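Here is what each chain is made of, one letter per residue.
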Amino acid sequence: MSIDMEQFKATFIEESLEGLDIMESVLLEMQPGAADAEEVDNIFRAAHSIKGGSATFGFSDISNFTHVVETLLDQIRAGEREVTQEAIDLFLKSVDCIRDMLAGAQEGFEINLDQVAEVKAGLDRMLGSVAQAAAEAGPEAQDDATAASGWQIVFKPFPDMLRSGNDVVRLFRELDEMGEMKVEVDLEGLPALVDMEPEEACLSWTLALHGEIDREQIDEVFEWVDGDCELSIVPLGGDGAVAAEIPASETPAPEAAADGPAQAASPAPLQAAPEAGERRSRGDRRQGERRKNRASSENSSIRVGIDKVDALINLVGELVITQSMLGQLGEDFSMDKVERLKDGLAELERNTRELQENVMSIRMLPISFAFNRFPRMVHDLCGKLGKKIELKMSGEQTELDKTVMEKIGDPLVHLVRNAVDHGIETPEARLQAGKPETGTVHLNAYHQGGNILIEISDDGAGLNRERILAKAIERGLTSGGDNLSDAEVFDFLFQPGFSTAEVVSDVSGRGVGMDVVKRNITALGGAIDVESRPGNGSTFTIRLPLTLAILDGQLVRVGEQTFIIPLVSIIESLQVEPVRVNAIAGSAELYKLRDDYLPIIRLYDAFGLKPDSTNLEDGLLVVVEGHGQQAGLLVDDLLAQQQVVIKSLETNFKKVGGISGATILGDGTVALIVDIGGIIELSQNGGHKRANSAAA
Amino acid sequence: MANILAVDDSASMRQMVVFTLRGAGHQVTEAADGQAALDLAKRQRFDLVLSDVNMPRMDGITLARELRALPAFKFTPILMLTTEGGMGKKQEGKAAGATGWIVKPFNPEQLLATIKKVVG
């Protein structure tokens, strides 16, 4: 039977990556000299599983590499080796190497073996002479390999051999398959019937096995009962026929035989890649792609705690009860039952709300999923930058929508990197400023209203207002400074291409700026704020909606239609003063708001509706921001603000420009949700087109 | 065909073992650690137990010892899946009551050949 091992590889890689995550997080917690037995056990087990699996599924390089890690961990576990900082760092590097090798195996590309070889060399050095000694004490060669005519086997089980689940019949059956066999039973040990213990072995046998049979084959049959019996195996016919019985427990042969295959699979030195440079670039490029793939494949499913599912079932049960109660009430309704009807409806409302909350919670994951990469990152950055930083995390159990979580990862990395690189000062500078040598970066998450807030704060030097202002003036973002509030000044940080870092370091300041961070966050319907005090550090606060499925909306009316504008996009709403309106180049209208000119977008025009009035001053201008641009949307009236559930227009109808989705209002009518970025873009293109046709 | 309990904390190893054994017509029940296996064994009989050694909660050696203490498992073959070439873990396993061992890495053919030795 041939079985394709390929099919198990995906599972192996997945579980190994999980194991590596465990190793990494335990290693980061580990203090030199004080290894907690359970911690070491955990990482040992992870390494052990990876080694076993990789050998089984044919990843011999991973297996060889991990074998050394495992051996070292085993020595630590056995108390033969101290946990040094060097060892911890080396293990962390090993985790990276194994992760890379797994990624290589997964995607089928060659990884950079230089680094692997380097780390492996470090591990080997650490393993040192202990391993060499062990390797030398390998299996000893075996004598008398094959006997020409056969073997005489004297086999006398100890009384409790059967208790190990070994069966004499099985042994004999196997021997019988090798050649012609004669069995003689020795009844000498047989006790009287009354004394007989059915669970004990009391017979012994002398077997004559004829044929060209390797001694090794016979040893293999008795391998498992070695130590549970007296065994003598001697060539038939020779002078050994009368040889004394040797207790098998003293025979080293079976052990040596068992060592054979394992030794064959034991580490061979890794070969350095000849064209390592080329491979590296290939590997690096693929790694980016790989991450993308992984992110998209994660979209497809979600793991939900059984308690959440149970809660849902329970709630649906309650809903059914309420429904049947209302149903009965409806059968023979009279006005004196109005109170009961009201109660029932109140119950229905409660059920529905709870059900909604619970359904939402299915998409929720604790934010620790996004936070867990930071201990390692900060650890590595500190090493690179020569800083001392303690990373504190709180509120890791705060739950967040899975989609939001996936998209907030990169902005968070950027902010934490900034805090470490630019926020926290060097140990010397800190001491000079009278602060503790070790800086603190604090990640915190909590719920507030329908939002989740994530704070990234540091106790570093704080933002330099003067420098930011100078840069802003230099870039022509503002004309003067003194009347600007701190918040307004710090807001310049989020302008494209704005960097005050004097030295663009290896760590941050590599092109992706704060403007991208802000754009990503606003794309999620969130916002980011900065607070900073000179000398005391800065706090970046990200505010995100709990879910992308519900949105805080402002209902507006255009003619007979109701539209919804996402509340986060709205800056202000105002009545149009005609004097501030400038019409330029034919059709485009601009509205002068303080120092800015905003394009006016007449929603009725954009969506081809009939408004109450086409006069600007009869309507209201809702000032919105999307994709970093502001615009004024002309509507007839502002209605209520409410949370709406977003329904995809695409799946139910088709994609419509300027509309991001739809929802159903309380009265059953459908309202469309305005896609602010989309409609601004649309109006620009439209204006452009019209300008074109006017020119033609 | 035999009714086999396969115990391993590694999902991929379990998948491989289960696939192989089922392919050979055996009935297989899975457990992810020694404790889970023991819980199963207390409710159900098996013709053979295949167990990994290193596992969280309860390791394979302890599992073998606990199983041997159950009347239904007094003589049931218990095979340890071990990565150790040396005698250490094997002896420990035997002392705990294991019948024998299969040394990792093994391929499906080797697994089936070894199983055949104990369940015919």
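Not measured: the values here are computed from a predicted model.

1. A short note on the overall build of chain B
Phase 1: Along its length, chain B carries 5 helices and 5 strands.
Phase 2: Each of the 120 residues in chain B was classed as buried or not, and the buried ones make up 62%.

2. Thoughts on the pattern of salt bridges
Phase 1: In this structure the tally under the stated criterion is 35 salt bridges over all chains.
Phase 2: Ionic pairing is found between A:Asp124 and A:Lys120, a salt bridge with its closest N-O pair at 3.5 Å. Here A:Lys120 and A:Asp124 lie together in helix 5 (residues 113-136), a separation of 4 residues that amounts to about one turn.
Phase 3: We classify A:Asp124 as partly exposed; its relative accessible area is 35%.
Phase 4: Across the pair B:Lys94 and A:Asp228 runs a salt bridge whose closest N-O atoms are separated by 2.8 Å. With one member in each of two chains, B:Lys94 in helix 4 (residues 88-96) and A:Asp228 in the loop between helix 7 (215-222) and strand 6 (229-235) form a pair that bridges those chains. One exposure class covers both B:Lys94 and A:Asp228, and it is buried.

3. Things to note about the sheet that holds strand 8 (residues 389-394) of chain A
All names here are of chain A.
Phase 1: If you walk across this open sheet you meet the 5 strands as 8-10-11-13-12, and the pairing is mixed. Lying at the two open borders of the sheet, with one neighbouring strand each, are strand 8 and strand 12 (527-533). The average angle at which neighbouring strand axes cross in this sheet is 15°, direction not considered.
Phase 2: Both strand 10 (residues 439-448) and strand 11 (residues 451-458) contribute to a ladder of 8 bridges, which runs antiparallel. Bridge pairing links histidine 447 to isoleucine 452 in strand 11.
Phase 3: Across the face of the sheet, helix 13 (residues 374-385) comes into contact with strand 8 and strand 10 while running at roughly 165° to strand 8.

4. Structural notes on the interface of chain A and chain B
Phase 1: Tallying the contact residues gives 39 residues for chain A and 42 residues for chain B.
Phase 2: Roughly 3,400 Å² of surface becomes buried between chain A and chain B when both sides are summed, with 58% attributable to carbon and sulfur atoms.
Phase 3: Linking chain A with chain B are 12 residue pairs in polar contact (both at pLDDT 80 or more), by the criterion used here.
Phase 4: Of all the elements, helix 2 (residues 37-56) of chain A adds the most residues to the side of chain A that touches chain B, at 9 residues.
Phase 5: When the residues that make up the side of chain A that touches chain B are grouped by side-chain class, the tally is 13 nonpolar, 11 polar and 15 charged.

5. A short note on a nonpolar patch on the surface
Residues and elements named next belong to chain A.
Phase 1: Side chains of Val183, Val185, Leu187, Leu190, Leu193 and Met196 sit close together on the surface and give an oily, nonpolar patch of about 540 Å² of accessible area.
Phase 2: Position of leucine 193 among the secondary structure elements: in the loop between strand 3 (180-186) and strand 4 (204-210).
Phase 3: Taking the relative accessible area as the measure of exposure, leucine 193 reaches 72% and is therefore exposed.

6. Re the nonpolar core
Looking at soluble globular proteins, one finds that nonpolar side chains tend to be buried together.
Phase 1: Within the largest apolar cluster, 88 residues are counted, with the highest numbers of intra-cluster contacts made by A:Met23, A:Phe65, A:Phe91, A:Leu123, B:Leu21, B:Leu50 and B:Leu67.
Phase 2: A total of 10 residues in this core trace back to one element, the largest contributor, which is helix 4 (residues 85-107) of chain A.
Phase 3: Counting 50 residues, the second largest nonpolar core, distinct from the first, contains A:Val378, A:Leu415, A:Ile424 and A:Ala445.

7. Side note on the packing of helix 6 (residues 168-176) of chain A against helix 5 (residues 108-119) of chain B
Phase 1: Running from N to C, helix 6 of chain A and helix 5 of chain B point in directions that differ by 125°, and their axes come no closer than 8 Å. Judged on the interaxial angle alone, helix 5 of chain B and helix 6 of chain A are oblique. Contacts between helix 6 of chain A and helix 5 of chain B involve A:Arg170, A:Arg173 and A:Glu174 from the former and B:Lys116, B:Lys117 and B:Val118 from the latter.

8. A short note on the packing of aromatic side chains
All names here are of chain A.
Phase 1: On inspection of all chains with the given rule, the structure shows 10 aromatic pairs over all chains.
Phase 2: Between phenylalanine 155 and phenylalanine 172 the ring centres are 6.1 Å apart and the planes differ by 70°, which places this aromatic pair in the edge-to-face class. Of the two residues, phenylalanine 155 sits in strand 2 (residues 150-157) while phenylalanine 172 sits in helix 6, which places them 17 residues apart along the sequence.
Phase 3: For phenylalanine 155, a relative accessible area of 0% corresponds to the buried category.
Phase 4: Under the relative-accessibility criterion, phenylalanine 172 is labelled buried at 12%.
Phase 5: Positioned over the ring face of phenylalanine 44 is arginine 77, at 3.8 Å from the centre of the ring.

9. Focus on the sheet that holds strand 18 (residues 588-593) of chain A
All names here are of chain A.
Phase 1: Across the sheet, which stays open at both edges, the 6 strands sit in the order 16-20-21-19-18-17 with mixed pairing between neighbours. Every other strand in the sheet has two partners, leaving strand 16 (570-575) and strand 17 (581-584) as the edge strands with one partner each. Ignoring strand direction, the axes of neighbouring strands in this sheet form an average angle of 35°.
Phase 2: Where strand 18 lies against strand 19 (residues 596-602), 4 bridges are found, and the strand directions are antiparallel.

10. Focus on the environment of B:Lys94
Phase 1: The buried category is assigned to B:Lys94, whose relative accessible area is 9%.
Phase 2: Sequence-distant contacts of B:Lys94, defined by excluding residues within four places in its chain, comprise A:Trp224, A:Val225, A:Asp226, A:Asp228 and B:Trp101.

11. Quick word on the side chain of A:Ser569
Residues and elements named next belong to chain A.
Phase 1: Tracing the backbone through its elements, the reader meets serine 569 in the loop between strand 15 (561-566) and strand 16.
Phase 2: For serine 569, a relative accessible area of 11% corresponds to the buried category.
Phase 3: Contacts of serine 569, omitting those with residues within four sequence positions, involve Val623, Val624, Glu625 and Ile676.

Parameters and conventions
Residues numbered from 1 in each chain as written. Chains lettered and ligands numbered in written order. Predicted model: local features only at pLDDT ≥ 70, side-chain atom pairs only at ≥ 80, totals over all residues. Heavy atoms only, no water. Helix = DSSP H or I, 4+ residues; strand = E, 2+ residues; numbered from the N terminus. Buried < 20%, exposed > 50% of the residue type's maximum accessible area, 1.4 Å probe, protein only. Salt bridge = Lys/Arg side-chain N within 4 Å of Asp/Glu carboxyl O. Pairing = 2+ DSSP bridges. Axes fitted to C-alpha atoms, helices over the stretch in contact; angles between N-to-C directions. Contact = heavy atoms within 4.5 Å. Buried area = accessible area lost by both parts, 1.4 Å probe. Polar contact = N/O pair within 3.5 Å; in protein donor to acceptor, adjacent residues only side chain to side chain. Nonpolar A, V, L, I, M, F, W, Y, C, P; charged D, E, K, R; others polar. Patch = residues over 30% accessible without salt bridge, like charges linked within 9 Å, V, L, I, M, F, W, Y side chains within 5 Å. Areas by Shrake-Rupley, 256 points an atom, 1.4 Å probe, with all protein chains shown as cover. Core = buried A, V, L, I, M, F, W, Y, C linked by side-chain atoms within 4.5 Å. Parallel < 35°, antiparallel > 145°, perpendicular 65-115°, else oblique. Phe/Tyr/Trp six-rings, centres within 6.5 Å; stacked < 30°, edge-to-face > 60°. Lys NZ or Arg CZ within 6 Å of the ring centre and 35° of its normal.

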